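Letter by letter, the chains look like this.
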Amino acid sequence: MKISHKKQKYIGNVLKILQGFKIKSPEETIDKIINDNCSITRFGDGEFDMILGKGMKYQTYNEQLGRRLEQVLKSNDEKLLIGINNVIDLKYSENYNDFANNFWKGWLRSNKFKLLKLLSKNKQYYSSNITRFYIDYKDKTNVKKYVEKLRGIWDKKDILIVEGEYSRLGVGNDLFDNANSIERIICPSENAYDIYDKILSETKKYGENKLILLAVGPTATVLAYDLYEAGFRVIDIGHVDIEYEWFLRKATEKIKIVPLWSVSDDFKPVAKEANVFIKQNNLDGKFIVMYSGNIGYTHSVECVVDVAKEMIDDLDVQFLIIGDGKKKAELMENVDHSNLQNVRFMP
């Protein structure tokens, strides 16, 4: 089927038309949340797909959820910020790495006409990227400073985290260490919207006088709206923990983080001769002693180094220390000073 020259020209201009939408940067969005005590609800590709009649990874298509998401998207309240992806303005895509750039350009090409119908050029949007601050970007040099800014949202506050069963935001890292207190409501990891009324009721029950942080997929987008309407302050903050974990590990690509308290079925034994980790780190034929976890002042990881000193001449035994923390630099200096060839540090 041939497309007329007029239609081709129109299609070519649509992405330029999308640049006319007003979207604040992630930094400006955080400033608005903190300075004006705002709430925020966020739309990514999954939430738009649900509006357009498609399911997503952790939520099968639900017609009612799609209608509610469109209602939230079109709401207008200066204290409830509507976050959409900055890449809808294609100039922002210059900040992305090739993988993220190609994904979003392809998604925009597929959905450009629908977005034009759903979004308003007269409306001020904010950034849904506030929690997507690391893995997709080419330049990662200012991430530490950005994270400190983000943590200002819950600084010295009592927070209630509403999250999926395996999320455990902040468990095993210091992301929420500056909060005054933390309570949690644990929801299903999939199809949370199926028990939406119960989640809403329980959050209202335990959310009094607390900042509520939500990480339950597209359910969070609607939940943030309903809780805000009921007088609560709410931050839709999904993906923040995994981005922070990638940042801490200096990951250069998306890596799987095994959730704490994970069910044993998640783990499958691998034959030593087929173990990629052993091959990549030249550990074939070695006896491995491994510590993996936080390296803080309350963790006696120096015991591993002390044992390694006693076995300094036996290079068939390798000691691996995997993780990060405030005591890591001190331990690395200790190992270097003792010239231990049997100890390795890994991110």
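Residues numbered from 1 in each chain as written. Predicted model: local features only at pLDDT ≥ 70, side-chain atom pairs only at ≥ 80, totals over all residues. Heavy atoms only, no water.

Asks: Got a minute to help me understand the packing of helix 11 (residues 302-310) against helix 12 (residues 328-337) in this structure?
Replies: When two helices pack together, you describe them by how their axes are tilted relative to each other and by the distance separating the axes. Across the interface, helix 11 lies against helix 12 with an axial gap of 11 Å and an inter-helix angle of 5°. Comparing their axes, helix 12 and helix 11 come out roughly parallel. Facing Glu302, Val305 and Lys309 of helix 11, the residues of helix 12 in contact are Leu331, Asn334 and Val335. (Axes fitted to C-alpha atoms, helices over the stretch in contact; angles between N-to-C directions. Helix = DSSP H or I, 4+ residues; strand = E, 2+ residues; numbered from the N terminus. Parallel < 35°, antiparallel > 145°, perpendicular 65-115°, else oblique. Contact = heavy atoms within 4.5 Å.)

Asks: Explain the packing of helix 2 (residues 26-35) against helix 6 (residues 143-151) here, please?
Replies: Two elements in contact, helix 2 and helix 6, have axes separated by 9 Å at closest approach and are oriented at 25°. One way to sum up the angle between helix 2 and helix 6 is to call them roughly parallel. Here the hand of the crossing between helix 2 and helix 6 comes out left-handed. Facing helix 2, whose interface residues are Pro26, Glu27, Ile30, Asp31 and Ile34, helix 6 presents Tyr146, Lys149 and Leu150. The class makeup of the residues in the contact of helix 2 with helix 6 is five nonpolar, no polar and three charged. (Left-handed = near helix turned anticlockwise from the far one by under 90°. Nonpolar A, V, L, I, M, F, W, Y, C, P; charged D, E, K, R; others polar.)

Asks: Explain the pairing of strand 7 (residues 211-215) to me, please; I cannot follow it from the model alone.
Replies: Two faces make up the sheet, and in a regular strand the side chains alternate between them. Among the five residues that make up strand 7, five are buried, leaving the element largely enclosed by the rest of the structure. Burial along strand 7 is two-sided: the face carrying Leu211, Leu213 and Ala215 and the face carrying Ile212 and Leu214 are both buried. In the sheet, strand 5 (residues 158-164) pairs with strand 7 via five bridges, with the strands oriented parallel. In the sheet register, Leu160 faces strand 7, and the bridge partner there is Ile212. Regarding topology, helix 8 (residues 218-229) serves as the crossover connection from strand 7 to the parallel strand 8 (residues 233-236), and that connection is right-handed. (Buried < 20%, exposed > 50% of the residue type's maximum accessible area, 1.4 Å probe, protein only. Pairing = 2+ DSSP bridges. Right-handed = clockwise from strand over helix to strand, strands pointing away.)

Asks: In this structure, what is going on with the pattern of salt bridges? I would like to understand it.
Replies: Between side chains of opposite charge, a pair can form as their charged atoms come close. If you walk through the whole model with that rule in mind, you get 14 salt bridges. Of the charged contacts in the structure, one is a salt bridge between Arg67 and Glu63, with a shortest N-O distance of 3.3 Å. Within this pair, Arg67 and its partner Glu63 are both found in helix 4 (residues 63-73), separated by four residues, close to a single helical turn. Of the two residues, Arg67 and Glu63, neither departs from the other in class, the shared state being exposed. (Salt bridge = Lys/Arg side-chain N within 4 Å of Asp/Glu carboxyl O.)

Asks: Would you take a moment to explain the environment of Lys157 for this structure?
Replies: By the element assignment, Lys157 lies in the loop between helix 6 and strand 5. If we ignore the near neighbours within four places in the chain, the residues touching Lys157 are Ala179, Asn180, Ser181, Leu211 and Arg233.

Asks: What should I look at first to understand the packing of aromatic side chains in this one?
Replies: For any pair of aromatic rings, geometry is given as the distance between the ring centres together with the angle between the planes. In this structure the tally under the stated criterion is twelve aromatic pairs. Where Tyr92 meets Tyr96, the ring centres are 5.9 Å apart and the plane angle is 85°; that geometry is what we call edge-to-face. Here Tyr193 and Tyr196 contribute two aromatic rings whose centre-to-centre distance is 5.1 Å and whose plane-to-plane angle is 35°, an arrangement assigned as tilted. One exposure class covers both Tyr193 and Tyr196, and it is buried. Counting every residue linked through ring pairs, the aromatic cluster contains Phe43, Phe48, Phe103, Trp104 and Trp107. Lying over the aromatic face of Tyr134, Lys140 brings its terminal NZ or CZ to 5.1 Å of the ring centre. (Phe/Tyr/Trp six-rings, centres within 6.5 Å; stacked < 30°, edge-to-face > 60°. Lys NZ or Arg CZ within 6 Å of the ring centre and 35° of its normal.)

Asks: I'm lost on the environment of Lys74 in this one. Help?
Replies: Position of Lys74 relative to the elements: it lies in the loop between helix 4 and strand 3 (80-84). Sequence spacing of Lys74 and Leu119 is 45 residues, and the spatial spacing of their C-alpha atoms is 7.7 Å. The residues contacting Lys74, other than those within four sequence positions of it, are Leu118 and Lys123. In this structure the side chain of Lys74 is engaged in a polar contact, spanning 2.9 Å, whose partner is the side chain of Glu70. (Polar contact = N/O pair within 3.5 Å; in protein donor to acceptor, adjacent residues only side chain to side chain.)

Asks: Is there a simple way to think about the side chain of Arg42 in this case?
Replies: Residue position: Arg42 is located in strand 2 (residues 39-42). Overall, Arg42 belongs to the buried group, its relative accessible area being 8%. Within polar-contact distance, the side chain of Arg42 engages the backbone oxygen of Ser128 at 3.0 Å. Separated by 2.9 Å, the side chains of Arg42 and Thr131 make a polar contact.

Asks: What is the right way to read helix 12 from this model?
Replies: Turn by turn, an α-helix covers 3.6 residues, leaving residues three or four places apart pointing in a common direction. Of the positions making up helix 12, those classed as buried are Lys328, Leu331 and Val335. For helix 12, the angular spread of the buried residues around the axis is 65°, confining them to a single face. Turned more than 90 degrees from where helix 12 packs its buried face, Ala329, Glu333, Asp336 and His337 sit exposed. Lining the buried residues of helix 12 we find helix 11 and strand 11 (343-346). Phi for Asn339, located one or two positions after helix 12, is positive at around 55°. (Arc of directions from axis to C-beta.)

Asks: Just to check I follow, could you spell out unusual backbone geometry for this structure?
Replies: Despite not being glycine, Arg168 shows a phi value in the positive range, around 50°. Mapped onto the secondary structure, Arg168 falls in the loop between strand 5 and strand 6 (181-187). Phi at Asn282 takes a positive value of approximately 55°, unusual for a residue other than glycine. Within the fold, Asn282 resides in the loop between helix 10 (276-280) and strand 9 (287-292).

Read these as geometric descriptors, not functional statements.
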